[in-house]
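Okay, here's what each chain looks like letter by letter:
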Amino acid sequence: MESSKSLTAWQKSQQFIPGGVNSPVRNFSKVGKHPRFIDRGNGSKVYDIDGNEYIDYVASWGPLVLGHAHPDVVEAVTVVAASGTSFGAPTLLETELAEIIVNAVPSIEQVRLVNSGTEATMSAIRVARGYTGRDKILKIDGCYHGHVDYLLAKAGSGVATFGLSDSGGVPEDFARNTLTVPFNDTDAVKKAIAANTDEIACLILEPIMGNMGIIPPRDGYLDALREITEQNGIILIFDEVITGFRVAFGGAQSYYNVTPDMTCLGKIIGGGLPVGAYGGKREIMQCVAPEGDVYQAGTLSGNPLAVSAGITTLKKLSESGVYEQLEERAATLANGLADATQKHGIDAWHSRVGSMLMLYFTSETVTDADGARTADTDRFRQYFWGLLERGVSIAPSQFEAGFVSLVHTEDDINTTVKAASEVLSQL
Ligand code: HOZ
């Protein structure tokens, strides 16, 4: 497959941008060779600058549940842009998006829009600390909540991809109040709380881990966390930046019927434009300035373009049959991949919740970050390139997620399974 234009583009971008990319995993360094520079996307496909076509399961790392350049999203953004791209003043669109979110997500009575998932988690934790008057926070090994200083300890996504335990540039003091426990382990949570009585402001987690591959919660795990945190006056925060409006219209909390105190959103609610949001019980959100003394602000927060793309996307997702279609297509893909690994005698763990999925190259059952770390990343590298060379694009890391969107056709899924089977037969 010809990729000389991408190679030249990458050589140039590295002169001006660290690693030639604006987010680390994109530079393909953990799978080797060079990244493909994308020219355009349409529906389920992306096209690189050498003219290659790929069936895309990266979906901009989750937001593009309607696929690339959905005509309604493009029209909404175009119409809004013609009236001005930013005002730094309230608009009716912001209330419209907030109302949709409040009506959809069980835990959210009030919501504040920001510009990224990182801002959302950072702000939610500040609010939880302000509300409780406590400093310590509890996070889960392998959960990734953006690049907030004190949340990079034992984080997933790029931190896991590059094998880092945490990030340089974060003073020890900043992470002093971050406690970490394994996923799917309620005893570890109880122990951490017992050792820090009345000191923990919040427990933050991805209810379905989506930055270490895909790791679903065990039956009863989220319910147990709800109970334990409630008993101890700890704010339970679900980071639903990936799962929000992805696994169900009301997110993982409605999928599993467990309501946290606060929720962080991003990705899908911006329809492919930069966005984030955090919300929760009215009483807690009333701590946010100007109602309360917890400060958080942003010049481009509630940006009209992002908000209009988000509203259009969420309206489409509210139509009947949408989540059933995502489930059916993703199940067909996951089953096809499982059959292929079995047929070719490959040790694999297949993980899927709704339209999020991951194939781990391991003989272990993956129920937490340590399980995910047993995966053979060299095998993943070969699998990744085999797929890419056959016109199928997945995230360039074992520790990210694959996303099926509403525009993936049966044909796309069959082509993908056929390509994967060919690749697996050669591993
Ligand atoms: N680390 C994020 C996904 N888990 C974003 C990756 C990117 O956009 O490059």
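Definitions and limits used
- Residues numbered from 1 in each chain as written.
- Predicted model: local features only at pLDDT ≥ 70, side-chain atom pairs only at ≥ 80, totals over all residues.
- Heavy atoms only, no water.
- Pairing = 2+ DSSP bridges.
- Helix = DSSP H or I, 4+ residues; strand = E, 2+ residues; numbered from the N terminus.
- Axes fitted to C-alpha atoms, helices over the stretch in contact; angles between N-to-C directions.
- Phe/Tyr/Trp six-rings, centres within 6.5 Å; stacked < 30°, edge-to-face > 60°.
- Buried < 20%, exposed > 50% of the residue type's maximum accessible area, 1.4 Å probe, protein only.
- Contact = heavy atoms within 4.5 Å.
- Near = heavy atom within 4 Å.
- Polar contact = N/O pair within 3.5 Å; in protein donor to acceptor, adjacent residues only side chain to side chain.
- Areas by Shrake-Rupley, 256 points an atom, 1.4 Å probe, with all protein chains shown as cover.
- Nonpolar A, V, L, I, M, F, W, Y, C, P; charged D, E, K, R; others polar.

Q: What is the right way to look at the sheet that holds strand β10 (residues 276-280) in this model?
A: Backbone-to-backbone hydrogen bonds pair the strands of a sheet. The strands run either parallel or antiparallel. With respect to topology, seven strands assemble into an open sheet ordered β4-β10-β9-β8-β7-β5-β6, the strand pairing being mixed. The sheet is open, and its two borders are formed by β4 (110-114) and β6 (178-181), each paired with just one other strand. Adjacent strand axes in the sheet meet at a mean angle of 20° when their direction is disregarded. Inspection of the sheet shows β4 paired to β10 by five bridges, in the antiparallel sense. Note that in β10 the partner of leucine 113 across the bridge is alanine 277.

Q: In this structure, what is going on with the packing of aromatic side chains? I would like to understand it.
A: For any two aromatic rings, the description comes down to two numbers: the centre-to-centre distance and the angle of the planes. For the structure shown, the criterion picks out eight aromatic pairs. Measuring from centroid to centroid gives 5.2 Å for phenylalanine 361 and tyrosine 383, while their planes differ by 70°, and the two rings are edge-to-face. You can see phenylalanine 361 sitting in the loop between β12 (356-360) and α13 (369-372) and its partner tyrosine 383 sitting in helix α14 (residues 377-389), a full 22 residues away along the chain. Phenylalanine 361 sits in the buried class, given a relative accessible area of 3%. Chaining the aromatic ring pairs together yields one cluster made of Phe28, Phe384 and Trp385.

Q: Is there a simple way to think about the environment of valine 307 in this case?
A: In this structure, valine 307 sits in helix α11 (residues 304-317). Sequence separation between valine 307 and proline 71 is 236 residues; the distance between their C-alpha atoms is 16 Å. In this structure, valine 307 is in contact with Leu93, Glu94, Leu97, Leu113 and Gly302, ignoring residues within four places of it in sequence.

Q: What is the right way to look at the site of the ligand in this model?
A: The ligand sits among Ser23, Arg26, Trp61, Tyr144, Ser157, Asn211 and Glu400. At 2.7 Å, a side-chain N or O of arginine 26 approaches an oxygen atom of the ligand. Here glutamate 400 contributes a side-chain N or O atom positioned 2.7 Å from a nitrogen atom of the ligand. In the complex, the protein chains occlude 86% of the 290 Å² of accessible area that the ligand would expose alone. Of the residues contributing to the shell around the ligand, the split by class is two nonpolar, three polar and two charged.

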